[in-house]
Amino acid sequence: MIADAKQIPLMRPKLPDAAQLMPYLREIDANRWYTNFGPLEQRLTGRFAAQFGVTGDQAVCLSNATTALSISLAALAGGDGRYCLMPSFTFVATAQAALAADLTPYFLDVDPATWRLDTDAVRDAITRLGSDVAAVMVVAPFGAPIDIAPWDRLTEETGVPVVIDTAAGFDSVVPGVSPAIVSLHATKPLAAGEGGLVISRDGDLIAEIKARANFGFHGQRSAVGPGGNAKLGEYAAAVALAALDQWAETRAGFARTTAAYVDAMNAVPALQLSPGFGDGWVSATCNVVFDAPTGETAIAVLEQAGIEARRWWNRGCHREPMFSEVDCDPLPVTEDMVDRMVGLPFGIDLLPADVRRIADALTAISMT
Ligand SMILES: Cc1ncc(COP(=O)(O)O)c(C=O)c1O
């Protein structure tokens, strides 16, 4: 590492501070209602619903996105060990959520242009694998927008339900019928520390998910179906509400850093930003791919320059020890891409000078 160079961390999340939280904490003090879909959680759900253009019963806030994914899968298709088709190119939470819903991950390759599953390729896989397929989980990589309508049509045509993992998609998600799950983790655009949001235009499905997150209680305090505990407590709802109050500012910060990267990366040879990055939506990470498989070297060289970098999704779920034995299609696009890919420092207060320093280091890597 260069001794006098300032360290540039991969990420320094910025959640609401104590002063911003205080009015909500005082409300909790006054309410003496701490969880079980309390007043703050209900307000949060209402604000999310308004923001995404759905009704209050078409959204529910849960404890985190991984649990929200598995409950959504379980509500639609879980329980019999059949396949859940999904990309290997995702965070391992996607695959773990399928296991938790008693489904078996089956990895498909992604489209090199979009970095996500292609509807026609999934339709072909459903035809090939037949009744072994119980569900599909589609991932919107790193918060990129995803058109849910074609996935809703796929469900109508094939009867196979689809769950949309758009963990980083707070700024881009447009609800459909297939449930879309957004994470409120500290590393995500709208950060509450931990938390998850499920949105679907199917209010009955949201009611079922809500019941499964609350011991199987449907309205009354009596278990009428399977369930556990995945509720979002009032303190987490307070953080999320305060984060939502500041969203315009937070978003502007992410947009500034995004623009700085788009500008700086134009000048770096043999390197591309993730699909759609800078096209009017924001995320909380910045990922690039080199033309050649330099990912591992790049991380080491950046580290030497005091710049922290990471493969956010390691080298694909199929290479995680837990999932190395599961069935999958050939994954040439995923395997090629993960060897060329690097996640760079990102955040609302990353300085333009830092972005230029990162770009210079990347240029040096590209030229060697
Ligand atoms: C694609 C994807 N799915 C799911 C998750 C899990 O979200 P959470 O941490 O809220 O459980 C993440 C978190 O990073 C993710 O990137």
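You'll find the structure just up there.
Because the structure is a prediction, the values reported are computed rather than measured.

Procedures and definitions
- Residues numbered from 1 in each chain as written.
- Predicted model: local features only at pLDDT ≥ 70, side-chain atom pairs only at ≥ 80, totals over all residues.
- Helix = DSSP H or I, 4+ residues; strand = E, 2+ residues; numbered from the N terminus.
- Rg over C-alpha atoms; globule rule 2.2 N^0.38 Å.
- Buried ≥ 20, exposed ≤ 12 C-beta atoms within 10 Å, placed from the backbone.
- Contact = placed C-beta atoms within 7 Å.
- Near = placed C-beta within 6 Å.
- Nonpolar A, V, L, I, M, F, W, Y, C, P; charged D, E, K, R; others polar.
- Pairing = 2+ DSSP bridges.
- Expected span 1.5 Å × (residues − 1).
- Arc of directions from axis to C-beta.
- Axes fitted to C-alpha atoms, helices over the stretch in contact; angles between N-to-C directions.
- Parallel < 35°, antiparallel > 145°, perpendicular 65-115°, else oblique.
- Left-handed = near helix turned anticlockwise from the far one by under 90°.
- Core = buried A, V, L, I, M, F, W, Y, C linked by C-beta atoms within 7 Å.
- Domains from an automatic or database assignment.

Focus: the overall build of the chain
If you tally the helices and strands in the chain, you get 12 helices and 10 strands. The C-alpha radius of gyration computed for the chain amounts to 21 Å, which stays within 12% of the reference 21 Å derived for 368 residues, consistent with globular compactness. Each principal axis of the C-alpha distribution contributes one length, and for the chain these read about 65 × 55 × 35 Å. Counting every position in the chain, which comprises 368 residues, the buried fraction comes to 49%. Excluding contacts between residues fewer than 6 apart, the proportion of contacts in the chain whose partners are at least 24 apart in sequence is 69%.

Some thoughts on the site of the ligand
Residues in close proximity to the ligand total 14 residues, the closest being Ala65, Thr66, Phe91, Ala167 and Ser183. Tallied by class, residues from the shell around the ligand come to 6 nonpolar, 7 polar and 1 charged.

Quick look at the environment of Gly79
Note on placement: Gly79 falls in the loop between helix H3 (65-76) and strand S2 (83-87). Along the sequence, Gly79 and Asp102 sit 23 residues apart, while their C-alpha atoms lie 4.7 Å from each other. With near-sequence residues (within four places) excluded, Gly79 lies in contact with Ala74 and Asp102.

Overview of the pairing of strand S7 (residues 196-199)
Where a strand is regular, its side chains alternate between the two sheet faces. Residues of S7 alternate between two faces, with Gly196 and Val198 on one and Leu197 and Ile199 on the opposite face, all of them buried. In this structure, strand S1 (residues 59-62) lies alongside S7, joined through 4 bridges in antiparallel fashion. If you follow Leu62 over to S7, its bridge partner there is Gly196. In this sheet, S7 lies alongside strand S6 (residues 180-183) in antiparallel orientation, the contact comprising 4 bridges.

Some thoughts on helix H12 (residues 352-367)
Its 16 residues give H12 an end-to-end C-alpha distance of 22 Å, which sits within 8% of 22 Å, the value for a rise of 1.5 Å per residue. Taken as a whole, H12 has its buried residues at Val355, Ile358, Ala359, Ala361, Leu362 and Ile365. Buried positions in H12, seen along its axis, are confined to an arc of 165° and lie on one side of it. Pointing more than 90 degrees away from the buried face of H12 are the exposed residues Ala353 and Met367. At its buried positions, H12 is contacted by helix H9 (247-266), strand S8 (271-273), helix H10 (295-304) and strand S10 (341-344).

A word on the packing of H3 against helix H7 (residues 203-212)
Between H3 and H7, whose axes approach to 9 Å, the crossing angle comes to 120°. Classified by the interaxial angle, the pair formed by H3 and H7 is oblique. Pair H3 / H7 crosses with right-handed handedness. Seen from H3, the contacting residues are Ile71, Ser72, Ala74 and Ala75; seen from H7, they are Leu205, Glu208, Ile209 and Arg212.

Quick word on the nonpolar core
Ranked by size, the top nonpolar core spans 120 residues in total, and within it Leu73, Cys84, Ala135, Ile164, Ile181, Val198 and Ala240 carry the most contacts. No other element matches helix H8 (residues 234-245), which puts 9 residues into this core. Looking at which domains feed residues into this core, each of domain 1 (18-245) and domain 2 (247-367) gives three or more. The contact partners of Leu73, leaving out residues within four places of it in the chain, are Gly78, Cys84, Ala97, Ala98, Ala101, Leu103, Ala135 and Val163.

Side note on the packing of H3 against helix H4 (residues 92-100)
In contact at an axis separation of 8 Å, H3 and H4 are set at 45° when each is read in the N-to-C sense. By the angle class used here, H3 and H4 are oblique. Handedness of the crossing formed by H3 with H4: right-handed. Residues Ala65, Thr66, Leu69, Ser70 and Leu73 of H3 form the contact with H4, whose own contacting residues are Ala93, Thr94, Gln96, Ala97, Ala98 and Ala100. Taken together, the residues of the contact of H3 with H4 sort by class into 7 nonpolar, 4 polar and no charged.

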